[in-house]
Amino acid sequence: MLRRSLHLRAALGARPQTLAAQAILAENLPENDPERAELMQTFRPGAEELHIGWLLPED
């Protein structure tokens, strides 16, 4: 269901919601999953660009 949610949000062009869906999916994948690493590399820069603080790790 998480992947489906991600695909639907991306299809709508809802960028903040897509970034959130990527973060949630990444959080629910095993740490050694290559898809997780890719999602982390994708949503973090987008969250920084859009200033979505709750998606960013605390320093």
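The present account deals with the structure reproduced in this document. Keep in mind that what you see is a predicted model, and the values were worked out from it rather than measured.

**Observations concerning the pattern of salt bridges**
Opposite charge on two side chains lets them pair, provided their charged atoms get close. Taken as a whole and judged by the stated rule, the model has two salt bridges. Across the pair Arg3 and Glu35 runs a salt bridge, and its minimum N-O distance is 2.5 Å. Of this pair, Arg3 sits in helix α1 (residues 2-12) while Glu35 sits in helix α3 (residues 34-50), placing them 32 residues apart in sequence.

**Description of helix α2 (residues 15-28)**
Spanning 14 residues, α2 covers 20 Å between terminal C-alpha atoms, matching the ideal 20 Å at 1.5 Å per step. Listed in full, the buried residues belonging to α2 are Thr18, Leu19, Ala20, Ala21, Gln22, Ala23, Leu25 and Ala26.

**A word on the nonpolar core**
Core analysis: the biggest nonpolar cluster contains 13 residues, and Leu39, Phe43 and Leu55 have the highest contact counts within it. Elements with a minimum of two residues in this core: α2 and α3. With five residues, α2 is the single largest residue contributor to this core. Ignoring sequence-local partners within four residues, the contact set of Leu55 consists of Leu19, Ala20, Ala23, Phe43 and Ala47.

Reading the values: rules and limits
- Residues numbered from 1 in each chain as written.
- Predicted model: local features only at pLDDT ≥ 70, side-chain atom pairs only at ≥ 80, totals over all residues.
- Heavy atoms only, no water.
- Salt bridge = Lys/Arg side-chain N within 4 Å of Asp/Glu carboxyl O.
- Helix = DSSP H or I, 4+ residues; strand = E, 2+ residues; numbered from the N terminus.
- Expected span 1.5 Å × (residues − 1).
- Buried < 20%, exposed > 50% of the residue type's maximum accessible area, 1.4 Å probe, protein only.
- Core = buried A, V, L, I, M, F, W, Y, C linked by side-chain atoms within 4.5 Å.
- Contact = heavy atoms within 4.5 Å.

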